[in-house]
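# Structural overview
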Amino acid sequence: MNRMMLLLTALVISGCASIPSDLQTNTEQALLPFSATATNGPTGQNVRWGGEIAKIQNLQEGSLLEVVEFSLNSTGRPVKSDTSGGRFRILVSGFIDPAIYVPGRLVTALGNFSTTEDDKVGEQSYVFPVLHAQHLHLWPEVKESPTQQCNCDPFFLHRSLMMRPIIVVPADSKRSD
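Below is a short write-up of the structure. (Residues numbered from 1 in each chain as written. Predicted model: local features only at pLDDT ≥ 70, side-chain atom pairs only at ≥ 80, totals over all residues. Heavy atoms only, no water.)

When helices and strands are tallied, the protein shows one helix and five strands. Helices (α) and strands (β) of the protein occur, in sequence order from the N terminus, as α-β-β-β-β-β. By the burial criterion, 29% of the 177 residues in the protein qualify as buried. In the protein, 61% of the contacts between residues at least 6 apart in sequence involve partners at least 24 apart. For the protein, the accessible surface area stands at approximately 12800 Å², while carbon and sulfur atoms represent 55% of it. (Helix = DSSP H or I, 4+ residues; strand = E, 2+ residues; numbered from the N terminus. Buried < 20%, exposed > 50% of the residue type's maximum accessible area, 1.4 Å probe, protein only. Contact = heavy atoms within 4.5 Å. Areas by Shrake-Rupley, 256 points an atom, 1.4 Å probe, with all protein chains shown as cover.)

Here's what the structure looks like:
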C-alpha cells in the first residue's frame, strides 16, 4: 500500500511539472534561447519562446503575433517580470481570432527561427526575430480571487462576546461643596 501511494504521488508531482504535449520536442537538439538572437542571426534552429502578446495582425499568409519575451518556467509558461529580452514575432499559418488572442495574454510557441524583420515599436526602429510556429500554446488566464473588504464589527455575529463598560450613575447624588 505504501509503495502504491509513493508511486501515485510521484506521478502526480511529475504530471504537474511537465511541459504541455504540444510544446515538447521530439529531437535531442538543444533549443536556441531567445538571448542568443542578439548575437546570432537567423539559424533555422528549433526554439521555444514565450511571453505576453503585445499586438496581433491577421495577414493573407497567416497570423502574426508580436510578443514581449519573458523567460519560461519549468512547464514552459512565461513568467512576467520587470525585465524582458526584447520582442519577437510569431508567424502562424491560418487564422487566429483577435478576440481570444488579445494583448496581455501569455503564449508559448515552438518552431523555427529563420528570419528577422525590420520594423518599429512606436517611433523606434527594431529588429524582430521571427519564429515560424509549428505549435502555439495560449495559457489560460489566472484570475486572482477578489479580496473581501469588510469594514464590519468583528463581533457582528457574536455580540455576547463583546464586553461593554457599564457606568452606573446614582439618581439622587448630593454634592457637597
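Having put the structure on the table, let's press on.
Using the criterion set out here, one finds five aromatic pairs in the structure. One aromatic cluster in this structure is built from Phe34, Trp49, Phe88 and Phe113. One cation-aromatic arrangement involves Arg89 over Phe128; the distance from NZ or CZ to the ring centre is 3.9 Å. (Phe/Tyr/Trp six-rings, centres within 6.5 Å; stacked < 30°, edge-to-face > 60°. Lys NZ or Arg CZ within 6 Å of the ring centre and 35° of its normal.)

What follows is about the side chain of Arg105. By secondary structure assignment, the location of Arg105 is in the loop between strand 3 (87-92) and strand 4 (106-121). On the basis of relative accessible area, Arg105 is assigned to the buried category, the value being 13%. Reaching out from Arg105, the side chain makes a polar contact with the backbone oxygen of Trp139 at a distance of 2.9 Å. Filtering out sequence-adjacent residues up to four positions away, Arg105 remains in contact with Gly51, Glu52, Ile53, Ile100, Leu138, Trp139, Pro140 and Glu141. (Polar contact = N/O pair within 3.5 Å; in protein donor to acceptor, adjacent residues only side chain to side chain.)

With that settled, consider the sheet that holds strand 3. Pairing is mixed around the closed barrel formed by five strands, whose spatial order is 1-2-3-5-4. Ignoring strand direction, the axes of neighbouring strands in this sheet form an average angle of 45 degrees. Where strand 2 (residues 62-69) and strand 3 come together, six bridges link them in antiparallel fashion. By the bridge assignment, Ser63 is partnered in strand 3 with Val92. (Pairing = 2+ DSSP bridges. Axes fitted to C-alpha atoms, helices over the stretch in contact; angles between N-to-C directions.)

Turning to the nonpolar core, a few remarks are in order. Grouped together as the largest cluster of nonpolar side chains are 21 residues, with contacts concentrated most on Leu65, Ile90, Tyr101, Val107 and Leu136. Listing elements by their share of this core, those giving two or more residues are strand 1 (45-59), strand 2, strand 3, strand 4 and strand 5 (124-138). When sequence neighbours within four positions are dropped, the list of residues in contact with Tyr101 reads Ile53, Ile56, Leu65, Ile96, Val107, Leu136 and Leu138. (Core = buried A, V, L, I, M, F, W, Y, C linked by side-chain atoms within 4.5 Å.)

This part covers the pattern of salt bridges. By the definition in use, this model includes seven salt bridges. A salt bridge links Asp119 to Arg89; the shortest N-O distance between them is 2.7 Å. Of the two residues, Asp119 is situated in strand 4 and Arg89 in strand 3; the sequence distance between them amounts to 30 residues. Accessibility expressed as a relative area gives 4% for Arg89, which makes it buried. Members of the salt-bridge network, linked through shared partners, are Lys55, Glu66, Arg87, Arg89, Glu117 and Asp119. (Salt bridge = Lys/Arg side-chain N within 4 Å of Asp/Glu carboxyl O.)

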